[in-house]
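As a plain string of letters, each chain reads:
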Amino acid sequence: MQTFHLGEFTVRRMGFGAMQLPGRGVMGPPRDHDEAIRVLRRAVDLGVNHIDTAQFYGPDVANQLIREALHPYPDDLVLVTKVGSLRDAAGNWNPAQRPEQLRAAVEDNLRTLGIERVGAVNLRLMDHEPDDPAQRVPLEDKLAELVALREEGKLAGVGISTASVAQVQQAIDQADAVCVQNAYSLLDQSDVAVLDLCDEHGIAYVPYFPLGSAFPHLPKVTEDPAVQVVAARLGATPAQVGLAWLLAHRENILLIPGTSSVAHLEQNLAAGDLTLGPDDLAELDR
């Protein structure tokens, strides 16, 4: 299946994530501005109609590049953003979980993207309890603010990110959540309970770190011997095999691999056309 629904929209399962477009550490301008613009335009040329971004990528940079490259946007292009964090001058990811901060972040995304309504907004929960008591906001209050913004016509769907099973269930019950963004890959299937819950409710599951952790000391799918063996047999790259496994794993998985290179973009998107046979899948699953 080449498409899946993202709330009210139907999108191709191979999308694009804009996180790698800004400079090192997701801060500042891109290393090659013109190449970043080419990446975005080439993605749309190749059929991508789901782009994931955030105001805090840069900050501002990813959204500004998307607008420069693609505005006025194709009618079928779904832009998805996330809120819940802010960057400081040192590049730290600071919590911005208060309802008024979530509202301001949605407004900032609309302004920089040049749109009146965003396809979906993911509430990015923090990995740990914030030190600042003012940031310890009940999930109910945060979801309520996004629901209010949806009712005002500023976003089409509510999503949630870095969330537990209980938090995802709450987002479904309270906000009719349309998508979940959690870490998941061939090598890290610890979030399978959330994936099962999304599958049960027909909700899009959008894994980040789809090729393994971005942290140097943690395993990467592309370095796994079994992945490399399957890739060599199929004449594909290990990255393509890792992405194709996710597409074959569940029909509700949407992928948003990111890159700042046109060549790498084309390789990633080609994973959507890679067929893993029963023997390949069995070898990878083992």
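Heads up: these notes are all about the structure in this document. Not measured: the values here are computed from a predicted model.

### Considering a nonpolar patch on the surface
- A cluster of nonpolar side chains, contributed by F209, F215 and L218, occupies part of the molecular surface with about 260 Å² of accessible area.
- Mapped onto the secondary structure, L218 falls in the loop between β11 (204-205) and α7 (225-234).
- On the basis of relative accessible area, L218 is assigned to the partly exposed category, the value being 36%.

### A short note on the environment of L269
- For L269, the location among the structural elements is in helix α9 (residues 262-270).
- In this structure, the C-alpha to C-alpha distance between L269 and F16, residues 253 residues apart in sequence, is 8.8 Å.

### Considering the pattern of salt bridges
- Tallied over the entire structure, the rule returns 16 salt bridges.
- The closest approach of N and O atoms between R38 and E35, which form a salt bridge, is 3.0 Å. Note that R38 and E35 are positioned in helix α1 (residues 33-45) at a spacing of 3 residues, about one turn of the helix.
- Given the relative accessible area of 17%, E35 is considered buried.
- Here D127 and R124 are joined by a salt bridge, their closest N and O atoms 3.6 Å apart.
- Through salt bridges with shared partners, one network takes in R103, E107, E145, E152 and K154.

### Digging into the packing of helix α5 (residues 165-175) against helix α6 (residues 192-201)
- Packing of α5 against α6 leaves a shortest axis separation of 9 Å and a crossing angle of 20°. The orientation of α5 relative to α6 falls into the category roughly parallel. With respect to the hand of their crossing, α5 and α6 are arranged in right-handed fashion. Judged by residue contacts, V165, V168, Q169 and I172 of α5 engage A193, V194, L197 and H201 from α6.
- A breakdown of the residues in the contact of α5 with α6 according to their chemical character gives 6 nonpolar, 2 polar and no charged.

### Some details on the packing of aromatic side chains
- Taken as a whole, this structure holds 4 aromatic pairs when the rule is applied.
- Centroid distance F56 to Y57: 5.6 Å. Interplanar angle 85°. Geometry classified as edge-to-face.
- On the basis of relative accessibility, which here comes to 6%, the residue F56 falls in the buried class.
- On the basis of relative accessibility, which here comes to 6%, the residue Y57 falls in the buried class.
- Note on Y208 and F209: the rings are 5.2 Å apart at their centroids and 85° apart in plane angle, and the pair reads as edge-to-face.

### A word on the nonpolar core
- Counting residues in each nonpolar core, the largest one holds 77 residues, and the members touching the most others are F16, L40, I51, I66 and L146.
- Beyond its immediate sequence surroundings of up to four residues, L40 is in contact with F16, L21, I51, L65, I66, A69 and L70.
- Residues L6, V11, V78 and V80 belong to the second largest nonpolar core, which totals 12 residues.

### Some thoughts on the pairing of strand β8 (residues 120-124)
- With 4 of its 5 residues buried, β8 lies for the most part within the structure.
- Bridging between strand β5 (residues 78-83) and β8 involves 4 bridges; their strand directions are parallel. Counted as the bridge partner of K82 is N122 from β8.
- The pairing of β8 with strand β9 (residues 158-161) spans 4 bridges and is parallel. Paired with R124 across the bridge in β9 is S161.

### A closer look at the pairing of β9
- Side chains V158 and I160 project from β9 onto one buried face, and the interleaved G159 and S161 project onto a second face that is buried too.
- As for the winding sense of the linkage, the β-α-β connection from β8 through helix α4 (residues 139-151) to β9 is right-handed.
- Pairing geometry for β9 and strand β10 (residues 179-181), over 3 bridges, is parallel. Bridge pairing in β10 links S161 to Q181.

So, how was this worked out
- For every chain, the first residue of the written sequence is number 1, and numbering continues from 1 along that sequence.
- Local features in a predicted model are, by the rule used here, given only for residues with pLDDT of at least 70; side-chain atom pairs are given and counted only at 80 or more, and totals for whole chains, interfaces and linings are based on all residues.
- Remark: hydrogens and water are excluded; side-chain values derive from all non-hydrogen atoms of the structure.
- Residues with no salt bridge and a relative accessible area higher than 30% make up the patches, which join like charges within 9 Å and nonpolar side chains (Val, Leu, Ile, Met, Phe, Trp, Tyr) within 5 Å.
- To measure how exposed things are, a 1.4 Å probe is used in the Shrake-Rupley method; for residues, cover is taken only from the protein chains shown.
- What makes a salt bridge here is a side-chain nitrogen of Lys or Arg within 4 Å of a carboxyl oxygen of Asp or Glu, nothing more.
- Secondary structure is summarised from DSSP: a helix means a run of H or I of at least four residues, a strand means a run of E of at least two, and numbering begins at the N terminus for each.
- Throughout, exposure labels follow a simple rule: accessible area from a 1.4 Å probe, protein chains only, divided by the maximum for the residue type, with under 20% read as buried, over 50% as exposed, and the rest as partly exposed.
- For helices, the fitted line uses only the C-alpha atoms of the stretch in contact; every axis is such a line through C-alpha atoms, and the angle between N-to-C directions lies from 0 to 180 degrees.
- Here the angle decides the label: under 35 degrees means roughly parallel, over 145 means roughly antiparallel, 65 to 115 means roughly perpendicular, and every other value means oblique.
- Left-handed describes a crossing whose near helix is turned anticlockwise from the far helix by less than a right angle; the clockwise case is right-handed.
- Note on contacts: a residue pair is in contact if any heavy atoms of the two residues lie within 4.5 Å.
- By the convention adopted, Pro, Cys, Tyr, Trp, Phe, Met, Ile, Leu, Val and Ala count as nonpolar, Lys, Arg, Asp and Glu as charged, and the other residues, Gly among them, as polar.
- Here a Phe, Tyr or Trp ring, Trp counted by its six-membered ring, pairs with any other such ring whose centre lies within 6.5 Å, and the pair is stacked when the planes are under 30 degrees apart, edge-to-face when over 60, and tilted otherwise.
- In this description, a nonpolar core means a group of buried Ala, Val, Leu, Ile, Met, Phe, Trp, Tyr and Cys residues linked to one another through side-chain atoms lying within 4.5 Å.
- By definition, two strands form a pair when at least two bridges between them are found by DSSP.
- Handedness is read with the strands pointing away from the viewer; a crossover is right-handed when the path from the first strand over the helix to the second is clockwise.

Read these as layout, nothing more, since geometry by itself doesn't imply function.
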